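Residue-level structural notes
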Amino acid sequence: DVKVTQSSRYLVKRTGEKVFLECVQDMDHENMFWYRQDPGLGLRLIYFSYDVKMKEKGDIPEGYSVSREKKERFSLILESASTNQTSMYLCASTQSSASGKRDTQYFGPGTRLTVL
Amino acid sequence: AQKVTQAQTEISVVEKEDVTLDCVYETRDTTYYLFWYKQPPSGELVFLIRRNSFDEQNEISGRYSWNFQKSTSSFNFTITASQVVDSAVYFCALSGGYGNKLVFGAGTILRVKS
């Protein structure tokens, strides 16, 4: 069974704090993604990774960084959290797209982050 | 650029009514995939269907059906005889180009009242 887990369901941090959001998948997927979800905007891609130690910017990377040291784990880092980063953060994974096939993305339960 | 539009922000229906959620997409790719996801109040996105651009056959799965029309760039989702458990946010998404990335619509909130 497909499984993507995220370290916290709810998180409250203060402005300026460094925040780590962790995502782990057990499906041996090559590709992993971080999105943020805001009302009326749907999901927007922050960063994605297609292999260990590889990363690419998505549509809204400003204020975020990522780390992928192991295949199963993809971390999202807020270097200095700000109130406009209050949002729902969703992690997803999928198999490689090298074949050109567009595999289904499987999502974790999400982390609702509040920055005060 | 790729774009997905879900024009219906929120829909309210009474149980057992049929409801259709609209999705219109834009892409220059000749090969692309379309998806629908459901997000119940618990928050996790649940995969419902994937359709590739070469397969315009409609699909039915129980009370759910999908109508893909390339001519109008639409991929609409119909729930027949809606139930309270169908209440959720539904997202349409498009995948094409590099990296298996998805472009999501803004989502449609469906409320089914008993």
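This is a predicted model, so every value here is computed, not measured. (Residues numbered from 1 in each chain as written. Chains lettered and ligands numbered in written order. Predicted model: local features only at pLDDT ≥ 70, side-chain atom pairs only at ≥ 80, totals over all residues. Heavy atoms only, no water.)

**Quick look at the sheet that holds strand β3 (residues 19–25) of chain A**
Residues and elements named next belong to chain A. Reading across the sheet, the four strands line up as β1-β3-β8-β7 and stay open at both edges, with antiparallel pairing between neighbours. Looking along the sheet, the strands with just one partner apiece sit at the ends: β1 (4–6) and β7 (65–70). Along the sheet, successive strands turn relative to each other by an average axial angle of 20 degrees, direction set aside. Pairing of β1 with β3, which is carried by three bridges, proceeds in the antiparallel orientation. Its bridge partner being in β3, Gln6 is matched across the sheet by Cys23. (Pairing = 2+ DSSP bridges. Helix = DSSP H or I, 4+ residues; strand = E, 2+ residues; numbered from the N terminus. Axes fitted to C-alpha atoms, helices over the stretch in contact; angles between N-to-C directions.)

**A closer look at the pairing of strand β9 (residues 74–79) of chain B**
All names here are of chain B. Burial analysis of β9 places five of its six residues in the buried class, the great majority of the element. Summarising the sheet, strand β3 (residues 19–21) and β9 pair through three bridges and their orientation is antiparallel. Opposite Val19, over in β9, you have Ile79 as the bridge partner. Two elements, strand β8 (residues 64–69) and β9, share six bridges in a ladder whose sense is antiparallel. Paired with Tyr64 across the two strands is Ile79, which belongs to β9. Counted between consecutive antiparallel strands, the loop separating β8 from β9 contains four residues, among which Ser73 sits at a positive phi close to 50 degrees. (Buried < 20%, exposed > 50% of the residue type's maximum accessible area, 1.4 Å probe, protein only.)

**Some remarks on the state of the cysteines**
Residue and element names in this part refer to chain A. Evaluated as defined, the whole model comprises two disulfides over all chains. Sulfur-sulfur distance for the disulfide between Cys23 and Cys91 comes to 1.9 Å. Classification of the bridge connecting Cys23 and Cys91 rests on its S-S torsion, roughly -75 degrees, and on that basis the disulfide is left-handed. Linking Cys23 in strand β3 with Cys91 in strand β9 (residues 87–94), this pair joins segments that are 68 residues apart in sequence. A relative accessible area of 0% means that Cys23 is categorised as buried. (Disulfide = S-S within 2.5 Å.)

**With respect to the nonpolar core**
The nonpolar side chains of soluble globular proteins are, as a tendency, buried together. Counting residues in hydrophobic clusters, the biggest one holds 23 residues, and the most contacted among them are Trp36, Phe77, Tyr90 and Leu110 of chain B. Among the secondary structure elements, those contributing two or more residues to this core are β2 (10–14), β3, β5 (33–39), β8, β9, β10 (88–95) and β12 (108–113) of chain B. Here this core takes four residues from β10 of chain B, the largest share from any one element. Ignoring anything within four residues of it in the chain, the contact list for Leu110 of chain B reads Ile11, Val13, Val19, Ile79, Asp86, Ser87, Ala88 and Tyr90 of chain B. Formed by 21 residues, the second largest nonpolar core is a distinct cluster that contains Leu21, Tyr47, Tyr89 and Val115 of chain A. (Core = buried A, V, L, I, M, F, W, Y, C linked by side-chain atoms within 4.5 Å. Contact = heavy atoms within 4.5 Å.)

**Some words on the interface of chain A and chain B**
Across the contact, 27 residues belong to chain A and 22 residues belong to chain B. Across the chain A/chain B interface, buried area totals approximately 2000 Å², and carbon plus sulfur atoms make up 52% of it. At the junction of chain A with chain B, the criterion picks out zero salt bridges. Taken together, chain A and chain B are joined by three residue pairs in polar contact (both at pLDDT 80 or more). Of the residues belonging to the side of chain A that touches chain B, the class tally is 11 nonpolar, 11 polar and five charged. (Buried area = accessible area lost by both parts, 1.4 Å probe. Salt bridge = Lys/Arg side-chain N within 4 Å of Asp/Glu carboxyl O. Polar contact = N/O pair within 3.5 Å; in protein donor to acceptor, adjacent residues only side chain to side chain. Nonpolar A, V, L, I, M, F, W, Y, C, P; charged D, E, K, R; others polar.)

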